[in-house]
Amino acid sequence: MLAIRVNNISVGYISKPVLKDVNFTVESGSFVGLIGPNGSGKTTLLRVITGILHPWSGNVEIFEKSADSLTRIDIARSVGVVPQESFFAFNFKTEEIVLMGRYPYLKRFKSETKKDYDIVYESMKFTDTLSFRDRPINDLSGGERQRVVIARSLSQSPKILLLDEPTSHLDLNHQIEIFDLLKRLNKRGMTILAISHDLNLASMYCERLILLDAGRIRLIGTPEEVITPTLIEDVYKTKVLLQENPVTHTPYILLLPSGID
Ligand code: ADP
């Protein structure tokens, strides 16, 4: 079963084209990384998949149904989104933030049911956020807050999780913590498509990588196929050295200062 099919998408903003003829599929249950330099169109692609941005041409299918035929609520029941960093204008209690994930399931003028609270509890347990359920969201550290945002997405009971550089503002240990959490979710059947600016993390955790280059797909393949010095140097315009991670045996990129051959 395909979780996501992106068919020949071209899209941009006002008159500025960004994505050009983008095609790919994501198998249900897979863990896929979306990589590419800044401005290559990764976030734009996530916006198209969630229906926030309407493609100029082409279409998106979610579980083999055209996204055009799905309402925003339908999409929210299948697809959870975790942004780079979340700001909360109001200092809600952490548990209230997670409960907001139930919004696509709430009946009009009805309050939350026991089932909603049970799902919130499970989502917080899974993300190890129960211990701060009563604390105001803005009092948490970046890593804790990101886990809460993932818990909120999980309380949507999605089958697909889309993440936009979920570790970009986190310390090394929290980066690993988030990717470990994603791996555990993936083992339970969640389809994951995550933007990552960190090629080494992406190559450690993802089965497949989609490399975007100036709005076009440059290559889709396993980390070994995509993380090659020639390709990475060409797309990212920087010198790199490729090694093998001695523990995970996945490709490991070392950055080099300019001026070294
Ligand atoms: P990435 O996520 O790979 O860094 P983006 O999808 O954010 O790339 O951006 C792709 C291009 O689209 C960039 O040139 C960016 O400036 C432009 N862009 C992104 N969002 C908007 C917007 N809301 N309005 C106009 N241009 C945008």
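Peer 1: Is there a simple way to explain the site of the ligand in this structure?
Peer 2: Around the ligand, the structure places Tyr13, Lys16, Val18, Pro37, Asn38, Gly39, Ser40, Gly41, Lys42, Thr43, Thr44 and Arg47. Within the side chain of Thr44, a nitrogen or oxygen atom sits 2.5 Å from an oxygen atom of the ligand. In the model, a nitrogen atom of the ligand is placed 3.4 Å from a nitrogen or oxygen of the Arg47 side chain. Against a free-state accessible area of 560 Å², the protein chains account for coverage of 61% of the ligand.

Peer 1: I'm lost on the sheet that holds strand β9 (residues 208-213) in this one. Help?
Peer 2: Consider a sheet: its strands pair through backbone hydrogen bonds, and that pairing is either parallel or antiparallel. Strand order in the open sheet formed by 6 strands is β6-β7-β8-β3-β9-β10, with mixed pairing between adjacent strands. Two strands close off the open sheet at either side, each with one partner strand: β6 (79-82) and β10 (216-221). Neighbour to neighbour, the strand axes of the sheet diverge by 15° on average, direction disregarded. Strand direction decides the pairing type here: strand β3 (residues 31-35) and β9, joined by 4 bridges, are parallel.

Peer 1: Please clarify how the layout of surface pockets should be interpreted in this entry.
Peer 2: The rolling of a water-molecule-sized probe over the atoms marks out the regions of remaining empty space. Approximately 570 Å³ is the volume attributed to the largest pocket. Contributing elements (two or more residues each) for the lining of the largest pocket: α1 (42-49), α2 (72-78), β6 and α5 (142-155). Element by element, the count of residues in the lining of the largest pocket is highest for α2, at 4 residues. Per-class residue counts for the lining of the largest pocket are 11 nonpolar, 7 polar and 4 charged. His197, Asp198, Leu199, Tyr236 and Leu255 are the residues nearest the centre of the second largest pocket, which is lined by 15 residues in total. At the level of secondary structure, the elements contributing two or more residues to the lining of the second largest pocket comprise α7 (199-205), α9 (229-236) and β12 (251-255). Here the lining of the second largest pocket is composed, by residue class, of 7 nonpolar, 5 polar and 3 charged.

Peer 1: Teacher, can you tell me more about the side chain of Arg145 here?
Peer 2: With respect to the helices, strands and loops of the structure, Arg145 is situated in helix α5. For Arg145, a relative accessible area of 18% translates into the label buried. The contact partners of Arg145, leaving out residues within four places of it in the chain, are Ser86, Phe88, Ile137, Asn138 and Leu140.

Peer 1: How should unusual backbone geometry be read in this particular structure?
Peer 2: Residues other than glycine predominantly adopt negative phi, and peptide bonds predominantly adopt the trans conformation. The backbone of Ala214 shows a phi angle near 50°, a positive value even though the residue is not glycine. On the secondary structure map, Ala214 appears in the loop between β9 and β10. Despite not being glycine, Lys237 has its phi angle at roughly 55°, a positive value.

Peer 1: Got a minute to help me understand the packing of helix α4 (residues 114-126) against α5 in this structure?
Peer 2: Helix-helix packing: each pair is described by the crossing angle between the helix axes and the interaxial distance. Between α4 and α5, the shortest axis-to-axis distance is 8 Å and the interhelical angle comes to 140°. Judged on the interaxial angle alone, α5 and α4 are oblique. Seen along the crossing, α4 lies across α5 with a hand that is right-handed. Between α4 and α5, the residues in contact are Ile119, Val120, Ser123, Met124 and Phe126 and Ala151, Leu154 and Ser155, respectively.

Peer 1: Any chance you could explain the pairing of β12 here in plain terms?
Peer 2: A regular strand carries its side chains on alternate faces of the sheet. In the sheet, strand β11 (residues 240-244) pairs with β12 via 5 bridges, with the strands oriented antiparallel. If you follow Gln243 over to β12, its bridge partner there is Tyr252. Connecting β11 to the next strand, β12, in antiparallel fashion are 6 residues, including His249 with a positive phi near 60°.

Cut-off values and rules
Residues numbered from 1 in each chain as written. Predicted model: local features only at pLDDT ≥ 70, side-chain atom pairs only at ≥ 80, totals over all residues. Heavy atoms only, no water. Near = heavy atom within 4 Å. Polar contact = N/O pair within 3.5 Å; in protein donor to acceptor, adjacent residues only side chain to side chain. Areas by Shrake-Rupley, 256 points an atom, 1.4 Å probe, with all protein chains shown as cover. Pairing = 2+ DSSP bridges. Helix = DSSP H or I, 4+ residues; strand = E, 2+ residues; numbered from the N terminus. Axes fitted to C-alpha atoms, helices over the stretch in contact; angles between N-to-C directions. 1 Å grid on protein atoms, 1.4 Å probe; cavity = no way out; pocket = protein on both sides within 12 Å on 5 of 7 lines; lining within 4 Å. Points joined across faces, edges and corners; volume = space filled by probe spheres on them. Nonpolar A, V, L, I, M, F, W, Y, C, P; charged D, E, K, R; others polar. Buried < 20%, exposed > 50% of the residue type's maximum accessible area, 1.4 Å probe, protein only. Contact = heavy atoms within 4.5 Å. Parallel < 35°, antiparallel > 145°, perpendicular 65-115°, else oblique. Left-handed = near helix turned anticlockwise from the far one by under 90°.

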